[in-house]
Amino acid sequence: MALPLFHQLPNGSRILFIRLRNLGEVVLDTANLRALKRWRPDLEITTLVESIYTDLFESDTEIDALPLARGAGQRRSRLLSRLAILSEIRRRRFTAVINLHGGPTSAQLSLLSGARFRVGASHFRPSFAYNLQIPEVDAITGGAGESQKLHTVENQWMLFKWLGMPGESPGPTGLSVSAGFRQTAHAALAGVGIDPSRDYAVVAPTNEFFTKRWLPERFAALVDRLRSHGLQVVMTGAPTAEQRAQLDAVSAAANSPIPALSNLRIGELVAVIAGAALFAGNDSGPAHIASAVRTPQVVLFGPASSVRWHPWQAPAELVQNYFPCNPCSMFRCDQFPEPECIRSISIEQVWQAIGRLGVLS
């Protein structure tokens, strides 16, 4: 029987992991990528991510990052961007490419990577893109439905174990903050009236899924309470018209306007969250950032599975009211006129969760 892949890799091998699209999953990947690096420090580990997420690894000593630039406008621009990243992948001569994503772009890049080992899950299509396919987690564990009982990090850990990773359980996620991003983040905070040398809270009320958004007036009431306890508060969101409107709705419902930062680079967002005394927000990518930098957090869950996506090995309180329809697709609510799972969460539930964290004086 052949040795598992991680045991076959020659000393100094270069390994590329492909993780596209989702910020939260990029952050969660760091748990197992760091575990692999610490077990095999000789390996050169690179992750291919969307170009805006390379900030996450700017000062990282264990994980390198390659940016996938999508190209803007016409088809020619997108094609040239794809050819550029493929050329860079082939130039680096990776021994193995491990696709953690599974979409058509990642399959194409895996197939054409030139790597000796092209690894993907058994359900990834097209199957011919891979010469090593990892079984489903349920097949690895021998238990039907077992994958649904595991956190996303644990599910990935099972795949890594099948590839030869030793150990019994995964460790925490982790992100480092570069001095440069810390400096520009402090300047951004000061620019909206937040003194970064004093305690402040980050409130993240936005989400692309309306089913995952707590009511803006309740976020506003939460901010008013935090301020009454002496905390400065700043809101964060993405630089889109939709998310800026969400931030404006919260600010308009508060006793006084709430400073907001929606033009931060990802590295600056990490620095802002890392410097906070508290993070409070909807289930989202920034919540996973809070876990990775160990900022105490309260995260509000609606339709998503909190078993699979809860804050991982971090100081955190999760607030969720369970409904028989949870989890669901999140694109719409099929059971109620409005998404009751997130709207049923009360201010008192969130406030009590903050109290359990012990961050208020």
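For the structure itself, consult the block above.
The rules behind the values
- Residues numbered from 1 in each chain as written.
- Predicted model: local features only at pLDDT ≥ 70, side-chain atom pairs only at ≥ 80, totals over all residues.
- Heavy atoms only, no water.
- Salt bridge = Lys/Arg side-chain N within 4 Å of Asp/Glu carboxyl O.
- Helix = DSSP H or I, 4+ residues; strand = E, 2+ residues; numbered from the N terminus.
- Buried < 20%, exposed > 50% of the residue type's maximum accessible area, 1.4 Å probe, protein only.
- Pairing = 2+ DSSP bridges.
- Axes fitted to C-alpha atoms, helices over the stretch in contact; angles between N-to-C directions.
- Contact = heavy atoms within 4.5 Å.
- Disulfide = S-S within 2.5 Å.
- Core = buried A, V, L, I, M, F, W, Y, C linked by side-chain atoms within 4.5 Å.
- Parallel < 35°, antiparallel > 145°, perpendicular 65-115°, else oblique.
- Left-handed = near helix turned anticlockwise from the far one by under 90°.
- Nonpolar A, V, L, I, M, F, W, Y, C, P; charged D, E, K, R; others polar.
- Right-handed = clockwise from strand over helix to strand, strands pointing away.
- Phe/Tyr/Trp six-rings, centres within 6.5 Å; stacked < 30°, edge-to-face > 60°.

(A) Local environment of the pattern of salt bridges. Applying the stated criterion across every chain, the model contains 18 salt bridges. A salt bridge links Glu 44 to Arg 14; the nearest nitrogen and oxygen atoms lie 3.3 Å apart. Of this pair, Glu 44 sits in strand β2 (residues 44–50) while Arg 14 sits in strand β1 (residues 14–18), placing them 30 residues apart in sequence. On the basis of relative accessibility, which here comes to 42%, the residue Glu 44 falls in the partly exposed class. What emerges from the salt-bridge pattern is a single network uniting Arg 34, Arg 38, Asp 60 and Glu 62.

(B) Spatial organisation of the sheet that holds strand β4 (residues 96–99). Taken in spatial order, the six strands make up an open sheet running β3-β2-β1-β4-β5-β6, and their pairing is parallel. Edge strands, defined here as strands with exactly one partner in the open sheet, are β3 (63–68) and β6 (132–134). Neighbour-to-neighbour, the strand axes of the sheet open up by a mean angle of 20 degrees, direction not taken into account. As paired strands, strand β5 (residues 117–121) and β6 are joined by three bridges and run parallel to one another. From the neighbouring strand, Ala 121 faces β6, where its bridge partner is Ile 134. Docked against the sheet, helix α2 (residues 23–39) engages β1, β2 and β3, running at close to 170 degrees with respect to β2.

(C) Spotlight on the state of the cysteines. Applying the stated criterion across every chain, the model contains zero disulfides. Cys 333 takes part in no disulfide bond, and the closest cysteine sulfur, belonging to Cys 325, lies 6.0 Å away. No disulfide involves Cys 341; its nearest neighbouring cysteine sulfur is the one of Cys 328, lying 6.2 Å away. Residue classification places Cys 341 among the buried residues on the basis of a relative accessible area of 11%.

(D) View of helix α6 (residues 152–162). Residues Thr 152, Val 153, Asn 155, Gln 156, Trp 157, Met 158 and Phe 160 constitute the buried set of α6. Turning to α6, the residues buried within the fold contact α1 (5–8), β1, α2, α5 (137–141) and α12 (306–309). In the stretch just after α6, Gly 164 is the one whose phi turns positive, near 115 degrees.

(E) Just the nonpolar core, in detail. In this structure, Leu 5, Phe 6, Phe 17, Leu 56 and Ile 98 are the most contacted members of the largest nonpolar core, which totals 60 residues. When residues in this core are grouped by element, the largest group, six residues, is from helix α10 (residues 266–274). Apart from residues no more than four positions distant in its own chain, Phe 6 is found in contact with Leu 36, Trp 39, Arg 40, Ile 98, Phe 160, Leu 163, Gly 164 and Met 165. Counting residues in each nonpolar core, the second largest holds 28 residues, with Val 233, Ala 277, Leu 300 and Leu 357 among its members.

(F) Seen up close, the packing of helix α8 (residues 216–228) against helix α14 (residues 347–357). In the contact formed by α8 and α14, the axes pass within 10 Å of each other and the chain directions differ by 40 degrees. Of the possible angle classes, the one that applies to α8 and α14 is oblique. Of the two elements, α8 crosses α14, and the hand of that crossing is right-handed. Two secondary-structure elements touch here, α8 through Arg 218, Ala 221, Leu 222, Arg 225 and Leu 226 and α14 through Ile 347, Glu 348, Val 350, Trp 351 and Ile 354. Classifying every residue of the contact of α8 with α14 gives seven nonpolar, no polar and three charged.

(G) Spotlight on the side chain of Asn 282. Tracing the chain through its elements places Asn 282 in strand β10 (residues 278–282). When its relative accessible area of 0% is taken as the criterion, Asn 282 is described as buried. For Asn 282, the contacting residues outside a window of four places in its chain are Ala 204, Pro 205, Thr 206, Asn 207, Lys 212, Arg 213, Trp 214, Phe 219, Ala 287, Val 299 and Leu 300.

(H) Looking closely at the pairing of β5. With five of five residues buried, β5 is to be regarded as a mostly interior element. Here β4 pairs with β5 via three bridges, running parallel. Along β5, the bridge assignment pairs Ala 96 with Phe 117. In terms of handedness, the path from β4 via helix α4 (residues 104–111) over to β5 forms a crossover that is right-handed.

(I) Representation of the packing of helix α7 (residues 179–191) against α10 in the model. Interaxial distance between α7 and α10 falls to 8 Å at its minimum, and their mutual angle equals 75 degrees. On the basis of the axis angle, α7 is roughly perpendicular to α10. Counting all contacts with α7, which are made through Phe 181, Arg 182, Thr 184, Ala 185 and Leu 189, the residues of α10 involved are Gly 267, Glu 268, Ala 271 and Val 272. Per-class residue counts for the contact of α7 with α10 are five nonpolar, two polar and two charged.

(J) Region of the structure containing the packing of aromatic side chains. Enumeration according to the criterion identifies seven aromatic pairs in this entry. Here Phe 17 and Phe 160 contribute two aromatic rings whose centre-to-centre distance is 5.6 Å and whose plane-to-plane angle is 15 degrees, an arrangement assigned as stacked. Of the two residues, Phe 17 sits in strand β1 while Phe 160 sits in helix α6, which places them 143 residues apart along the sequence. Each member of the pair Phe 17 and Phe 160 is classed as buried.

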